[in-house]
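An overview of the molecular structure
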Amino acid sequence: MKDMTTQRRSRRSPAPGERQRDPERTKARIIEAAIEEFSAKGFAGARVSEIAAKAGVNQQLIAYYFDGKEGLYLEIGRRWRAYEAEMLPDDLGFPEMIKRYVRASVDKRMGGKMLAWAGLADTGEDPDDAEAKESSARLRHEVEAMRERQKTGDLDPDVDPAAMMLIAMSAGNALAVYPQIARALFGKDGSSPELVEHYANELAKILTALTRKP
């Protein structure tokens with residue numbers, strides 16, 4: 001989730017007319033608008049002015065609350081990982097894990113398309129910052145959880161858990177990343193509740209069959 005070479009805006013207190021009675025609600029509006037903007041244009045193409053306009057706030061509040069565009073982007077990543085840890089507890093069954101990935105990927109509040117933009121902007125170098133380390137740690141934790149499922153017999157012990165994690169995440173994001181292919185294949189919009197549930201169930205069946213212990 002890099003390509004963040006923009007200069008951070010200096011923080012300042014909002015002017016009296018900019019102060020909000022409910023800062024948390026204001027932050028939530030900014031986060032929601034930012035996810036929409038980043039999902040549509042990626043980090044490089046997103047504009048703070050557009051985010052502020054969508055959120056209905058002065059753009060200086062973005063600098064004040066999040067330290068600018070980069071800080072806002074990183075905060076979205078932190079919130080996603082916190083949500084992911086709650087959504088996918090370690091004792092969750094593999095089929096249900098797949099279904100929840102699919103549902104989260106098409107939820108516009110979650111920013112599933114941001115993952116695709118981050119991949120396209122990847123330089124091939126491992127960033128050395130706190131956000132990248134947190135993201136890598138979360139992924140390693142999920143791989144370890146897959147290994148535990150192998151130990152309990154839920155998954156074939158001969159399957160590489162890291163490879164299965166990558167496959168599951170990629171396939172789970174397919175409706176969000178390839179909506180045009182979904183429309184062509186299923187004749188429905190990728191965000192339609194009926195297709196989301198159908199695809200979630202089918203993907204869970206397919207991946208479960210592939211990883212079932214012989």
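Look a little higher up for the structure.
Residues numbered from 1 in each chain as written. Predicted model: local features only at pLDDT ≥ 70, side-chain atom pairs only at ≥ 80, totals over all residues. Heavy atoms only, no water.

What to know about the overall build of the chain
- Looking only at helices and strands, one finds eleven helices and zero strands in the chain.
- For the chain, the succession of helices and strands along the chain, N to C, is α-α-α-α-α-α-α-α-α-α-α.
- When the 214 residues of the chain are sorted by exposure, 41% land in the buried category. (Helix = DSSP H or I, 4+ residues; strand = E, 2+ residues; numbered from the N terminus. Buried < 20%, exposed > 50% of the residue type's maximum accessible area, 1.4 Å probe, protein only.)

Notes on a nonpolar patch on the surface
- On the surface, Y178, I181, L185 and F186 cluster together into a nonpolar patch covering about 410 Å² of accessible area.
- Within the secondary structure, Y178 is located in the loop between helix 9 (174-177) and helix 10 (179-186). (Patch = residues over 30% accessible without salt bridge, like charges linked within 9 Å, V, L, I, M, F, W, Y side chains within 5 Å. Areas by Shrake-Rupley, 256 points an atom, 1.4 Å probe, with all protein chains shown as cover. Salt bridge = Lys/Arg side-chain N within 4 Å of Asp/Glu carboxyl O.)

What about the pattern of salt bridges?
- Summed over the entire model, instances satisfying the criterion amount to 16 salt bridges.
- A salt bridge links R81 to E134; the shortest N-O distance between them is 2.9 Å. With a gap of 53 residues between them, R81 in helix 4 (residues 69-87) and E134 in helix 7 (residues 130-151) connect regions that are remote in the sequence.
- With a relative accessible area of 10%, R81 lands in the buried category.
- The class for E134 is partly exposed, based on a relative accessible area of 38%.
- Between R147 and E144 there is a salt bridge; the shortest N-O distance is 2.5 Å. Of this pair, R147 and E144 both sit in helix 7, separated by three residues, roughly a single helical turn.
- Note on E144: relative accessible area 41%, which makes it partly exposed.

Here we look at empty space enclosed by the protein
- Counted under the stated rule, the structure contains one cavity of 30 Å³ or more.
- The computed volume of the largest cavity comes to approximately 70 Å³.
- Lining the largest cavity are L88, P89, D90, M97, Y101, R138, H141, E142, A145, R149 and M165.
- Residue assignment for the lining of the largest cavity shows that the elements contributing at least two residues are helix 5 (94-106) and helix 7.
- When residues of the lining of the largest cavity are assigned to their parent elements, the largest contribution, five residues, is made by helix 7. (1 Å grid on protein atoms, 1.4 Å probe; cavity = no way out; pocket = protein on both sides within 12 Å on 5 of 7 lines; lining within 4 Å. Points joined across faces, edges and corners; volume = space filled by probe spheres on them.)

Regarding the layout of surface pockets
- Its volume calculated, the second largest pocket comes out at about 400 Å³.
- As for the second largest pocket, its lining consists of 18 residues, of which S39, V106, K108, K113 and A176 are closest to the centre.
- Of all the secondary-structure elements, those providing two or more residues to the lining of the second largest pocket are helix 1 (23-45), helix 5, helix 6 (112-120) and helix 9.
- The biggest single contributor to the lining of the second largest pocket is helix 1, with five residues.
- Its residues placed into classes, the lining of the second largest pocket shows six nonpolar, six polar and six charged. (Nonpolar A, V, L, I, M, F, W, Y, C, P; charged D, E, K, R; others polar.)

A short note on the packing of helix 1 against helix 4
- Relative orientation of the contacting elements helix 1 and helix 4 amounts to 105°, with a least axis distance of 10 Å. The angle between helix 1 and helix 4 places the two elements in the roughly perpendicular class. Between helix 1, through I30, I31, A34, I35, F38, F43 and A44, and helix 4, the contact on the second element is made entirely by K69, E70, L72, Y73, E75, I76 and R79.
- A class-by-class count of the residues in the contact of helix 1 with helix 4 yields ten nonpolar, no polar and four charged. (Axes fitted to C-alpha atoms, helices over the stretch in contact; angles between N-to-C directions. Parallel < 35°, antiparallel > 145°, perpendicular 65-115°, else oblique. Contact = heavy atoms within 4.5 Å.)

Things to note about the packing of aromatic side chains
- A complete count under the given rule lists five aromatic pairs for this structure.
- Taking 5.0 Å as the distance between ring centres and 70° as the angle between the ring planes, the aromatic pair formed by F43 and Y73 counts as edge-to-face. Note that F43 is positioned in helix 1 and Y73 in helix 4, a separation of 30 residues in sequence. For the pair F43 and Y73, a shared accessibility class is recorded, and that class is buried.
- An aromatic cluster of three or more residues is present, and its members are F38, F43 and Y73. (Phe/Tyr/Trp six-rings, centres within 6.5 Å; stacked < 30°, edge-to-face > 60°.)

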